[in-house]
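Residues per chain, in single letters:
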Amino acid sequence: MSEYILELNDITKIFPGVKALDSVRFNLKRGEIHALVGENGAGKSTFIKTLTGVHQPDGGEIILEGKKVVMSDPIVAQKYGIAAIYQHAASYPDLSVAENIFIGHEFKSGPFIDWGKANREAKKLLDAVGADFSPTASVGSLSVAQQQLVEIAKALSMNAKILIMDEPTAALSRRESEDLYAISRKLRDQGTAIILISHRFEDIYGLADRVTVFRDAQYIGTWDMPVDEHVLVNHMVGREITQLFPKKAAQVGEELLRVDKLCRTGYFKDVSLTVRAGEIVGLTGLVGAGRTEVMQAVFGVTKADSGEVYFQGKRVTGCSPAQAMKMGLGLLPEDRQKEGLLLPWSINYNISLSVLDRCRKGVFLQRQREYEISQDLKKLLAIKAPDTDTLTGALSGGNQQKVVVAKQLAAGPKLIILDEPTKGVDVGSKAQIYEIMSDLASKGMGILMISSEMPEVINMSDRVYVMSEGKVTAEFQAQGLTQDVILKAAMPKSKE
């Protein structure tokens with residue numbers, strides 16, 4: 001019997017004008033966690049869709065338990081014991097947990113579904129993954145982490161031998177991520193083979209037994225873990241990244257933003273902070289601490305109940321987003337696809353949305369002016385696309401993020417709020433985004449960065465505020481700051 005439960009040899013997939021996979025290979029042992037890593041556009045998503053029957057390969061072969069198989073569609077892949085858990089759970093929010101777990105393979109009693117048995121079996125599966133919620137609860141009432149447990153239980157209900165986890169911790173807190181790590185190790189130790197796709201090095205080094213790198217749709221290599229992080233990064237991007245956090249020294253100037261005892265019932269209370277010109281200020285804390293909600297109130301997306309916001313010494317409490325932008329405030333939202341971009345529109349149209357007044361002559365838009373602005377920013381931010389007429393939805397995650405940044409920069413802000421600026425972005429694009437941030441700060445712009453990524457908070461910030469349960473619990477100088485100190489300030493306090 002082969003030591004591998006799965007082997008993919010010389011898999012090729014071609015779309016019109018694009019070779020998405022170029023003779024790649026991958027193998028998976030029984031009872032191991034094997035990480036698949038690479039930059040956005042490296043071919044990871046196409047590879048997974050080919051393995052799960054969504055796409056049919058144009059060349060190569062798939063060997064499952066020593067036999068050549070054809071994944072003709074997702075149902076066939078499920079029958080072979082292959083299940084995928086995606087970053088955004090493919091669940092039905094209005095149905096119960098048990099209904100979601102057994103949908104498509106329900107327990108029948110004559111012409112009827114035996115929901116009693118379904119609930120009992122669902123409870124066994126939930127216990128197996130350490131879930132503490134009822135099988136009768138609606139999935140829409142669960143947290144993101146709990147919904148992922150439902151997806152894992154669903155995979156187990158189909159006797160999955162191979163589990164694909166795609167960015168499983170992207171929307172999870174540190175504690176939730178650690179819980180997921182424990183469940184993943186338990187499944188591995190019970191014989192389940194797991195393919196892990198993640199941009200987070202904490203996931204890769206915390207879970208993987210081996211790691212495979214794809215780059216530019218090609219197979220680069222496979223290594224036993226641990227691998228030196230510097231070496232791994234260079235294999236992923238195909239070039240030497242001498243400095244992942246290229247923080248330049250900047251002259252700190254006048255105070256740009258002051259938030260004074262800002263409150264919004266149920267979200268945050270008595271939040272105070274400042275940002276000066278040329279300064280990168282980190283705002284961190286666990287998921288749910290209220291960081292994003294504070295910045296939405298500052299920018300005018302929502303209204304605070306009390307407290308004050310000052311920008312360049314002027315009271316601007318209760319301004320609208322349009323007024324905030326005119327004053328010189330910019331906001332890069334956490335969810336770029338839903339809140340930052342119009343994916344069916346071109347790069348050109350997305351960037352110019354923030355500066356339509358400058359592109360207008362009378363009642364008419366000057367398309368040439370739109371093009372000039374977007375072309376300059378495409379070049380400045382190194383957005384990878386044939387031209388600015390390319391649809392934004394066709395770009396990789398890192399390049400979509402750059403388009404959102406470009407849209408904000410087009411308006412000429414004096415201070416920009418970046419909410420999770422590198423979420424879902426590969427390591428090469430992260431380094432580029434950090435360099436952009438550093439350049440902007442060196443030119444006198446103020447930057448307020450909301451982030452759950454401790455390394456980027458520590459290495460890219462001048463000062464750091466920590467929030468817990470809607471309150472600012474600490475302020476630190478970034479120099480010499482450690483993750484342990486931040487986590488201590490971020491943890492909820494005992495209510496004894």
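Before reading further, recall that the structure is shown in the block above.
These figures come from a predicted structure and were not determined experimentally. (Residues numbered from 1 in each chain as written. Predicted model: local features only at pLDDT ≥ 70, side-chain atom pairs only at ≥ 80, totals over all residues. Heavy atoms only, no water.)

Enquirer: Give me the lowdown on empty space enclosed by the protein, citing residues and values where you can.
Expert: Scanning the model with the defined rule gives 1 cavity of 30 Å³ or more in all. Looking at the largest cavity, the residues that line it are Leu332, Val405, Leu409, Ile416, Leu418, Pro421, Ile433, Ile436, Met437, Leu440 and Ile447. Elements represented by at least two residues in the lining of the largest cavity include exactly helix H14 (397-410), strand S21 (415-419) and helix H15 (427-442). Broken down by element, the residue count for the lining of the largest cavity peaks at 4 residues, all from H15. (1 Å grid on protein atoms, 1.4 Å probe; cavity = no way out; pocket = protein on both sides within 12 Å on 5 of 7 lines; lining within 4 Å. Points joined across faces, edges and corners; volume = space filled by probe spheres on them. Helix = DSSP H or I, 4+ residues; strand = E, 2+ residues; numbered from the N terminus.)

Enquirer: Please set out the packing of aromatic side chains residue by residue, giving values where relevant.
Expert: Pairs of aromatic rings are described using the distance from one ring centre to the other and the angle between the two planes. By the definition in use, this model includes 6 aromatic pairs. Within the aromatic cluster, the residues linked to one another by ring pairs are Phe26, Phe47 and Phe214. (Phe/Tyr/Trp six-rings, centres within 6.5 Å; stacked < 30°, edge-to-face > 60°.)

Enquirer: Outline helix H1 (residues 44-51), supporting the account with residue identities and numerical values.
Expert: Taking burial as the measure, the 8 residues of H1 include 6 buried ones, the bulk of the element. Of the residues making up H1, those classed as buried are Lys44, Thr46, Phe47, Ile48, Thr50 and Leu51. One or two steps after H1, the chain reaches Gly53, where phi turns positive at roughly 85 degrees. (Buried < 20%, exposed > 50% of the residue type's maximum accessible area, 1.4 Å probe, protein only.)

Enquirer: Got a sec to walk through the nonpolar core? Specific residues and values, please.
Expert: Counting residues in hydrophobic clusters, the biggest one holds 34 residues, and the most contacted among them are Val97, Ile101, Phe133, Ile152 and Leu163. Taken together, the elements giving at least two residues each to this core come down to strand S6 (82-85), helix H3 (97-102), helix H4 (115-128), helix H5 (144-157), strand S9 (162-166), helix H6 (174-189) and strand S10 (193-197). The element best represented in this core is H5, accounting for 6 residues. One finds Leu341, Ile373, Val425 and Ile436 within the second-largest nonpolar core, a separate group that totals 33 residues. (Core = buried A, V, L, I, M, F, W, Y, C linked by side-chain atoms within 4.5 Å.)

Enquirer: For the sheet that holds strand S4 (residues 59-64), give the residues involved together with the corresponding values.
Expert: Read across the sheet, 4 strands follow the order S2-S1-S4-S5 without closing on themselves; strand pairing throughout is antiparallel. The open sheet has two edge strands, strand S2 (18-29) and strand S5 (67-69), and neither has a second partner. For this sheet, the mean inter-axis angle between neighbouring strands, taken without regard to orientation, is 25 degrees. In the sheet, strand S1 (residues 4-15) pairs with S4 via 5 bridges, with the strands oriented antiparallel. Following the sheet pairing, Asn9 is matched in S4 by Glu61. (Pairing = 2+ DSSP bridges. Axes fitted to C-alpha atoms, helices over the stretch in contact; angles between N-to-C directions.)

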